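An overview of the molecular structure
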Amino acid sequence: MSAQVAAPTLVPKAGAAPKARPALALGVIAACNAMIQLDDPIVNIALPGLREGLSLSPMGAAWVINAYLLTFGGLLLLGGRAGDILGRRKVFLAGVGLFTAAAALRGFATSAEFLIAVRAVQGVGAALAAPSGLALVLSMFAEGAPRKRAIAVCTAVGAVSTAGGLLLAGALTSVSSWRWVLYLDVPVGIGILLLAPLAIRETARSRGRFDLAGALVSALGAASLVYGLAQAAERPWSDPVVVGSVLAGLALLVVFGWVERRAEQPIVVPRLFADRDRVLAYVGTLAVPGALIGTYFFLNQYFQRGHGWSALATACALLPLPVTMAVTAGLAVRLERAQGPRRLMAAGAALLVAGNLWLATLDASEPYALGVLPALVLLGAGMACSVLPPTVLATSGLRGGEAGAASSVLNSLQSVGGSIGLATLVMVSTHSGGMTGGFATGAAFAGIALLAALSLRGRASRP
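Residues numbered from 1 in each chain as written. Predicted model: local features only at pLDDT ≥ 70, side-chain atom pairs only at ≥ 80, totals over all residues. Heavy atoms only, no water.

**Side note on the overall build of the protein**
This is how the line gets drawn: Here a helix means four or more residues in a row that DSSP labels H or I, a strand means two or more in a row labelled E, and each is numbered from the N terminus. In this treatment the radius of gyration is a C-alpha quantity, and the globule benchmark scales as 2.2 Å times the residue count to the 0.38 power. Burial here depends on accessible area, computed with a 1.4 Å probe over protein chains only, as a share of the maximum for the residue type. Under 20% is buried, over 50% is exposed, and the range in between is partly exposed. By definition in these notes, contact holds between two residues if any of their heavy atoms fall within 4.5 Å. To measure how exposed things are, a 1.4 Å probe is used in the Shrake-Rupley method; for residues, cover is taken only from the protein chains shown.
Along the backbone of the protein there are 17 helices and zero strands. Computed over its C-alpha atoms, the radius of gyration of the protein comes to 21 Å, within 12% of the 23 Å expected for a compact globule of 463 residues. With the C-alpha coordinates of the protein rotated into their principal frame, the extents come out at 60 × 50 × 45 Å. Counting across all 463 residues of the protein, residues that qualify as buried make up 55%. Put simply, 84% of the contacts in the protein that link residues at least 6 apart link residues at least 24 apart. For the protein, the exposed surface amounts to about 18,600 Å²; the carbon and sulfur share of it is 68%.

**Here's the deal with the confidence of the model for the protein**
Counted only if it meets this: The quantity called pLDDT is the predictor's confidence in a given residue, expressed from 0 to 100.
For the protein, the mean per-residue pLDDT works out to 84, and 93% of the residues sit at or above 70. The model gives residues 1-16 a pLDDT under 50, and that stretch makes 24 contacts with residues more than four places away or in other chains.

**Side note on the side chain of Thr314**
The following threshold applies: Between N or O atoms, a polar contact is any pair within 3.5 Å; within protein, one atom must be a potential hydrogen donor and the other a potential acceptor, and residues adjacent in sequence are included only when both atoms are from side chains.
Looking at the element boundaries, Thr314 is found in helix α11 (residues 311-318). Classification of Thr314 as buried rests on a relative accessible area of 1%. In this structure the side chain of Thr314 is engaged in a polar contact, spanning 2.9 Å, whose partner is the backbone oxygen of Ser310. Setting aside residues up to four positions removed in sequence, Thr314 forms contacts with Asn300, Phe303, Gln304 and Trp309.

**Comments concerning helix α17 (residues 434-454)**
Note the threshold: Take the number of residues in a helix, subtract one, and multiply by 1.5 Å to get its expected span.
The terminal C-alpha atoms of α17 lie 31 Å apart, and with 21 residues this matches the ideal 30 Å at 1.5 Å per residue to within 8%. Among all positions in α17, only Gly437, Gly438, Phe439, Thr441, Gly442, Ala443, Phe445, Ala446, Gly447, Ala449, Ala452 and Ala453 are buried. On the buried face of α17, the contacting elements are α10 (276-306), α13 (341-360) and α16 (403-431).

**So, the packing of aromatic side chains**
The condition that has to hold: Here is the rule: rings of Phe, Tyr and Trp (six-membered ring for Trp) pair when centre to centre is within 6.5 Å. Planes less than 30 degrees apart are stacked, more than 60 are edge-to-face, and the remainder are tilted.
With the rule as written, the count across this model stands at eight aromatic pairs. Plain terms: the ring middles of Phe273 and Tyr282 are 5.4 Å apart, the flat faces sit at 55° to each other, and that makes the pair tilted. Judged by relative accessible area, Phe273 falls into the partly exposed class, the value being 43%. Plain terms: the ring middles of Phe303 and Trp309 are 4.6 Å apart, the flat faces sit at 10° to each other, and that makes the pair stacked. A relative accessible area of 2% places Phe303 in the buried class. Following the ring pairs from residue to residue traces out a cluster consisting of Tyr302, Phe303, Trp309 and Tyr368.

**Points about the packing of helix α4 (residues 112-140) against α16**
Rules: In this description, a line fitted to the C-alpha atoms serves as the axis of each element, helices being fitted only across the stretch in contact, and the angle between N-to-C directions of two axes falls anywhere from 0 to 180 degrees. An angle counts as roughly parallel when it lies under 35 degrees, as roughly antiparallel when it exceeds 145, as roughly perpendicular when it falls between 65 and 115, and as oblique in every other case. Crossing handedness follows the turn of the near helix against the far one: under a right angle anticlockwise gives a left-handed crossing, and clockwise gives a right-handed one. In this classification, Asp, Glu, Lys and Arg are treated as charged, Ala, Val, Leu, Ile, Met, Phe, Trp, Tyr, Cys and Pro as nonpolar, and every other residue, Gly included, as polar.
At a closest axis distance of 8 Å, the pairing of α4 and α16 adopts a crossing angle of 130°. It follows that α4 is oblique to α16 by the angle criterion. Judged by the twist between their axes, the crossing of α4 over α16 is right-handed. Here α4 contributes Ala130, Pro131, Leu134, Ala135 and Leu138 to the contact with α16, which in turn contributes Ala403, Gly404, Ser407, Ser408, Leu410 and Asn411. When the residues that make up the contact of α4 with α16 are grouped by side-chain class, the tally is seven nonpolar, four polar and no charged.

**Examining the pattern of salt bridges**
Applied cut-off: Definition used for salt bridges: Asp or Glu carboxyl oxygen within 4 Å of a side-chain nitrogen of Lys or Arg.
Counted according to the given criterion, the structure contains seven salt bridges. In this structure, the salt-bridge partner of Glu336 is Lys148, at a minimum N-O distance of 2.7 Å. Within this pair, whereas Glu336 is found in helix α12 (residues 320-339), its partner Lys148 is found in helix α5 (residues 145-175), the two being separated by 188 residues in sequence. Lys148 shares its class with Glu336; the two are buried. A network of salt bridges, in which partner residues are shared, links Asp39, Arg106, Arg119 and Asp185.

**Considerations on the nonpolar core**
So the rule is basically this: Residue types Ala, Val, Leu, Ile, Met, Phe, Trp, Tyr and Cys, when buried and joined through side-chain atoms within 4.5 Å, form a set referred to as a nonpolar core.
Counting residues in each nonpolar core, the largest one holds 34 residues, and the members touching the most others are Leu299, Phe303, Leu352, Leu359 and Val372. When contributions to this core are tallied by element, the ones reaching two or more residues are α5, α10, α11, α12, α13, α15 (373-394) and α17. A total of eight residues in this core trace back to one element, the largest contributor, which is α10. Once you skip the residues sitting within four places of it in the chain, Leu352 turns out to touch Val288, Ala291, Leu379, Gly382, Met383, Ser386 and Ala446.

**As for α11**
Within an α-helix, residues lying three or four positions from one another point in the same direction, as the helix has 3.6 residues per turn. What counts is decided by this rule: Here the arc refers to the set of directions running from the helix axis out to each C-beta atom.
Those residues of α11 that sit buried are Ala311, Thr314, Ala315, Ala317 and Leu318. Down the axis of α11, the buried side of the element spans an arc of 160°, and every buried residue falls inside it. The distance from a side-chain oxygen at the start of α11 to the backbone nitrogen of Ala313 is 3.1 Å, and the residue carrying that oxygen is Ser310.

In structure tokens form, the structure reads like this:
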């Protein structure tokens, strides 16, 4: 373990700390991660019925998605810093509580305005819970094999939950109301709130204060960039709303960098960007979502509109991807130990390139077993191998109060990367080649991750 990484210290309250249960604690955090990952597919599956039930216009339906993305993407950096200063378990529980309450309320929605407001609150909860959850994992599990196994468990649980959630959401959509689909997160959130205080110890608070200027500028910049990219999925890139939002977001992020260099206690630690391997890991984290996000987006349309399949049949057809990802996640830990992060990350990115190119040549008359299934297996294995190395590299060599900042940067890059990927894939598919062009673009995103992997120093593990 690095000499720079402080051993996790606990808030000294006699009799207040729960007994250490690392396995249960990891399960609770993995469940939260899975709940947040699954929320977007759940809402998308419910969206057709939701539009009809609430008489939503196309713009209103878009804001049901965007309201969540704006608050989630905009407040991630602040959420990570809040955990460092206020206590990671406290902020984690607050985020899960907000997320769960909003998930319960949205099922009662009777108007578009109420639903959009609740979705925005849900994004705030996710922005608090996601980085604090990862920071708790970093605090509980030392660098090396324990942390790698913990990250693999979170990846596997997320993949299995996605598979189960897709099936359940598809079944409920087929036989019941869209409202029941929106309640799926509620029992998971309640379970997390009940178990977390029993299994997770509070971490010591970092001495410091909030960088309010940095928090405001970063939130506005990230929200503007995410909004512009989300709009680019439906409008041409030349549209004033898209151009203005993206340029405003980029300008604000430049201002954010200037503010952070002058801040006494910046919301993002500049030292995180001083290590070459960590920066390359960030590049991989930003690119990988674009290599996968088109799979669910395009294949949902391919099965349901092109072949007339039900939502449940479509969910079953997509299952091999998360199942393969879950199975491969455990193997990835051993491969990383034997081959090093450089080779594993490169192999994962290469599998993502191959899977996207396979689907780019998909013919409508080709049977599922030959045309789609092999590509889903390649993509699932590629994702499992592409997630572990950059996460490990980006969270190694941290000092005592940097876990929250490192976690929030990772989550922010994943959020922005997903928005960039979806906007680019939709734009390309609309203007040049349909689904074929979209998957070719997904292969290009995977190629960026492959170049980042090949540029790593090639060490078996970080010191």
